[in-house]
Amino acid sequence: MQNLDNGSGLGKQSFHDLMAQAPVAISVLRGYDMVIESANSMMLDVWGKTPDIINRPLMEGLPELKGQPYINFLHDVYTTGKPHYGYEAKVLLVRNGVGERCYFNFVYQPITEPDDRVSGIMVVAMEVTQQVIARIKMEDAEERLRLATEATGLGTWDLDLQSGNIIHSPRLAEIFGRNNRTVLRQAELNNIVHPADLDMVNKAFDDALTSGVYFFEARVIWPDGTIHWVRTTGKVIYDDNRVPLRMLGTIKDITEQKHMLDELLKSEESLRLATEAAELGTFDMDVVNHSLVWDHRCREMFGITNNDPVSYENTFLLGLHPDDRERTDAAVCQALNKKISNGDFNVDYRTIGVEDKKLRWVRAKGKVLFNEQDMPLRLIGAVLDITESKQNELKKNDFIAMASHELKTPLTSLKAYIQLLLLNARRIGDSFLVNALEKSDSQISKMTKLIHGFLDMSKLESGKLTLNKEVFDLTKLIEEIIGDSRPISQGHDIVFENRSVIKVNADREKIGQVISNFISNAIKYSPKSTSVVVELTSTDNSVKIAVKDNGIGIKEIDQQNIFQRFYRVENESTKGFSGFGIGLYLSAEIINLHSGKIGVYSKEGKGSTFYFTLPIV
Ligand code: ADP
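Parameters at a glance
- Residues numbered from 1 in each chain as written.
- Predicted model: local features only at pLDDT ≥ 70, side-chain atom pairs only at ≥ 80, totals over all residues.
- Heavy atoms only, no water.
- Core = buried A, V, L, I, M, F, W, Y, C linked by side-chain atoms within 4.5 Å.
- Buried < 20%, exposed > 50% of the residue type's maximum accessible area, 1.4 Å probe, protein only.
- Helix = DSSP H or I, 4+ residues; strand = E, 2+ residues; numbered from the N terminus.
- Domains from an automatic or database assignment.
- Phe/Tyr/Trp six-rings, centres within 6.5 Å; stacked < 30°, edge-to-face > 60°.
- Lys NZ or Arg CZ within 6 Å of the ring centre and 35° of its normal.
- Pairing = 2+ DSSP bridges.
- Axes fitted to C-alpha atoms, helices over the stretch in contact; angles between N-to-C directions.
- pLDDT = per-residue confidence, 0-100.
- Contact = heavy atoms within 4.5 Å.
- Patch = residues over 30% accessible without salt bridge, like charges linked within 9 Å, V, L, I, M, F, W, Y side chains within 5 Å.
- Areas by Shrake-Rupley, 256 points an atom, 1.4 Å probe, with all protein chains shown as cover.
- Salt bridge = Lys/Arg side-chain N within 4 Å of Asp/Glu carboxyl O.
- Near = heavy atom within 4 Å.
- Polar contact = N/O pair within 3.5 Å; in protein donor to acceptor, adjacent residues only side chain to side chain.
- Nonpolar A, V, L, I, M, F, W, Y, C, P; charged D, E, K, R; others polar.
- Lys, Arg positive; Asp, Glu negative; His and termini not counted.
- Charge placed at Lys NZ, Arg CZ, Asp CG, Glu CD.
- Left-handed = near helix turned anticlockwise from the far one by under 90°.

Trainee: Help me get a handle on the nonpolar core, residues and values and all.
Mentor: Core analysis: the largest hydrophobic core is formed by 44 residues, its most contacted members being Leu-474, Ile-511, Ile-515, Ile-519, Val-534 and Phe-612. Per element, the largest residue contribution to this core is 7 residues, and it comes from helix H17 (residues 508-524). Counting contributing residues per domain, this core is built from domain 4 (391-461) and domain 5 (469-615), each supplying no fewer than three. Of all hydrophobic cores here, the second largest spans 29 residues; its members include Leu-44, Leu-62, Tyr-70 and Ile-121.

Trainee: Before we move on, can you summarise the packing of aromatic side chains with the specific residues and values?
Mentor: What the rule picks out here adds up to 19 aromatic pairs. Look at Tyr-32 and Tyr-78: their rings are 5.8 Å apart centre to centre, the planes differ by 75°, and that puts the pair in the edge-to-face class. Of the two residues, Tyr-32 is situated in the loop between strand S1 (25-30) and strand S2 (35-39) and Tyr-78 in helix H4 (residues 70-80); the sequence distance between them amounts to 46 residues. Judged by its relative accessible area of 43%, Tyr-32 falls in the partly exposed class. Three or more aromatic residues joined by ring pairs form one cluster here, namely Trp-294, Phe-302, Tyr-312, Phe-316 and Tyr-349. Lying over the aromatic face of Tyr-238, Arg-242 brings its terminal NZ or CZ to 3.9 Å of the ring centre. Here the guanidinium or amino end of Lys-258 rests over the ring plane of Trp-229, the centre of that ring lying 4.5 Å away.

Trainee: Can you explain the domain arrangement of the protein? Please cite residues and give values.
Mentor: According to the domain assignment, the protein consists of domain 1 (12-133), domain 2 (152-258), domain 3 (278-385), domain 4 (391-461) and domain 5 (469-615). Computed from C-alpha coordinates alone, the two centres of domain 3 and domain 4 are separated by 45 Å.

Trainee: Outline the sheet that holds S1, supporting the account with residue identities and numerical values.
Mentor: Strand order in the open sheet made by the 5 strands is S2-S1-S5-S4-S3, with antiparallel pairing throughout. Two strands lie at the open edges of the sheet, namely S2 and strand S3 (84-95), each paired on one side alone. Neighbour-to-neighbour, the strand axes of the sheet open up by a mean angle of 35°, direction not taken into account. Note: strand S4 (residues 98-112) against strand S5 (residues 118-127), 9 bridges, orientation antiparallel. Across the sheet, the residue bridging to Phe-104 is Glu-127, located in S5.

Trainee: Explain the confidence of the model for the protein to me, using residue names and the numbers behind them.
Mentor: Keep in mind that low pLDDT regions are not for reading the predicted coordinates in detail. Of the residues in the protein, 98% reach a pLDDT of 70 or more, and the chain-wide mean stands at 90. Contacts from residues 2-8, a stretch scored under 50 in pLDDT, to residues over four places away or in other chains number 12 contacts.

Trainee: For a nonpolar patch on the surface, give the residues involved together with the corresponding values.
Mentor: A cluster of nonpolar residues, Val-288, Leu-369, Leu-377 and Ile-380, forms a patch on the protein surface that exposes about 300 Å² of accessible area. You can see Ile-380 is positioned in strand S15 (residues 376-385). Its relative accessible area of 33% is what places Ile-380 among the partly exposed residues.

Trainee: Describe in detail the site of the ligand, supporting the description with residues and values.
Mentor: Residues in contact with the ligand amount to 21 residues; listed here are only the nearest, Asn-521, Tyr-525, Asp-549, Arg-568 and Leu-584. Asp-549 is positioned with one of its side-chain polar atoms (N or O) 2.8 Å from a nitrogen atom of the ligand. Considering the ligand on its own, with 530 Å² of exposed area, one finds that the protein chains cover 96% of that surface. Contributing elements (two or more residues each) for the shell around the ligand: H17, helix H19 (583-593) and strand S22 (608-615). When the residues that make up the shell around the ligand are grouped by side-chain class, the tally is 11 nonpolar, 7 polar and 3 charged.

Trainee: Outline a negative patch on the surface, listing residues and values.
Mentor: A surface patch of negative charge is lined by Glu-279, Glu-300, Asp-385 and Glu-388. Relative to the assigned elements, Glu-388 resides in helix H14 (residues 387-428). Its relative accessible area of 63% is what places Glu-388 among the exposed residues.

Trainee: Report on the pattern of salt bridges, specifying residues and quantitative values.
Mentor: Applying the stated rule across the entire model yields 32 salt bridges. The salt bridge partner of Arg-378 is Asp-284, with a shortest N-O separation of 2.5 Å. Of this pair, Arg-378 sits in strand S15 while Asp-284 sits in strand S11 (residues 281-286), and the two are 94 residues apart along the sequence. The partly exposed category is assigned to Arg-378, whose relative accessible area is 33%. A network of salt bridges, in which partner residues are shared, links Glu-88, Arg-135 and Glu-139.

Trainee: If you had to explain the packing of H17 against H19 to someone new, which residues and values would you point to?
Mentor: Contact geometry of H17 with H19 gives a least axis separation of 9 Å together with a crossing angle of 145°. Crossing angle aside, the handedness with which H17 passes H19 is left-handed. Contacts from Lys-510, Ile-511, Gln-513, Val-514, Asn-517, Phe-518 and Asn-521 of H17 reach H19 at Gly-583, Leu-584, Ser-587, Ile-590 and Ile-591. In the contact of H17 with H19, the residues fall into 6 nonpolar, 5 polar and 1 charged.

Trainee: Break down the sheet that holds S22 for me, citing the residues and quoting the values.
Mentor: Across the sheet, which stays open at both edges, the 5 strands sit in the order S17-S19-S20-S22-S21 with mixed pairing between neighbours. Because the sheet does not close on itself, it has two edges, and the strands there are strand S17 (493-497) and strand S21 (597-602). Across the sheet, the mean angle from the axis of one strand to that of its neighbour is 15°, orientation sign disregarded. Inspection of the sheet shows strand S20 (residues 542-548) paired to S22 by 7 bridges, in the antiparallel sense. The residue of S22 that forms the bridge with Lys-544 is Thr-613. With respect to the sheet, H17 is in contact with S17, strand S19 (531-538), S20, S21 and S22, its orientation differing from that of S22 by roughly 170°.

Right, dumping it as structure tokens:
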């Protein structure tokens, strides 16, 4: 550029007027020091400065340029005479006292004198901060979207419907079994789809052109011959005349999902076959929506042959034997309370067939699903018709009850006769007879105890075992039982610890039976001359009685079962011990009737501690 006064055809004043009104920021800098000779108002606005910077060197007026490359660019222009262009150049400016990051397109144009000497520089700048920031934001958003789609394993594609060209992400090629640098064309994609799915895929494409929505799940064949499942979703973009222009969307490899679904369907089928084979019925109760679903076998157990809707109150509860209704309803309520039952549902009940009026015994087992707040959502489970085994069991119980009852009377008179004979033998001082009769008496006591056990068991099974509660001193009871046990103790030392007067309201005879059972087991299952310790402790609301021995101990697996009816541990260490496995079963039932707890701590070979608790009321 020539000197602004000469050759431009414009007077100095006209040039300044032009500069002042120009829609771009313009400034003229003079000399090597870049003294600001003039700057139009737009330039002053861009710089964020007042006109008093005119006639001062640039670095004085805009000290923030220190450390930025612009002053060097200006010096280069000044010395070389070559203009310098900047595109979206970042400049840090202090505008009206506030530091800002700005972007400019600009030119530094040298002003030359007639002798070609550069005397100044004209700066023309256009601020593009808004555009640059918008572009950076868009690039960021695109990058975020790219990362998100990559993280979810999605491939993306953009199909130009006019030209058939497709732009896709590297992931799409991978989903089709190709290297991620491969670029695929639309025509190729058709060859990759499994021939059996091709018609469906083409139809989905044609439908999408009218509906605007593209969706399919299909198999694709990879170059190595393996088959994979993909799911595509897309959207069509139309012009103003609804001519489809582009289709864009995502694609996902769903092979694993499909396999899992297949596995699930297979296992559902095997479960169905298994329940069918085991003659199990199934039920599913939605606690939140109060709905109930029964399969056909579950319906059979309630004597129902139709498929009409069923409900908890009107079908289930009304279908039960009236004597079992309350107990069964309580078992359901208990299962729904996670704290009490941990969601386990396990109950036997009788039903009276709705249509056939038949009485059936049913065993129901189930599990409750809870939400995070432990509120019950669903009770799901299975039912089994146990009528036949229940009837056999009832017959067996009747037989045991009858036999025990018949044995009781002769045994009582046998005991009376032996005691009479014992008195007589003692009187005449026949020590052999006394010894023999004492042994007989002790054997009869054992037999009587056993028979009472059987009688109690059959009473329990038929719900006739009742408690005769009274307030009594536990310590005294324990002392009495220890006294009675000494004659059969085979040299064991029975020690009573922590005795103190503790009164409870319970069935004295039955609690005595439990303690006696613990002590006789402790004697039975531990070597002679070892000690058996009975311990009585109490808290504010319960008492605990524990009987500890140094005997053979019990394996963990057996500990879970020994309180069940007829359960006996069968192994090398229990070989020589006889019994029926009903003592602990009865003890557990008696303690349960008292709302107490019963349990055992034991280690095989290291002795056992049996305990029970009773609430103090
Ligand atoms: P029984 O002693 O008549 O078999 P119980 O019901 O009293 O019946 O006991 C069940 C089983 O528990 C026993 O067969 C025995 O294996 C085991 N058991 C009970 N008490 C003890 C104990 N103190 N030490 C080791 N095992 C015991």
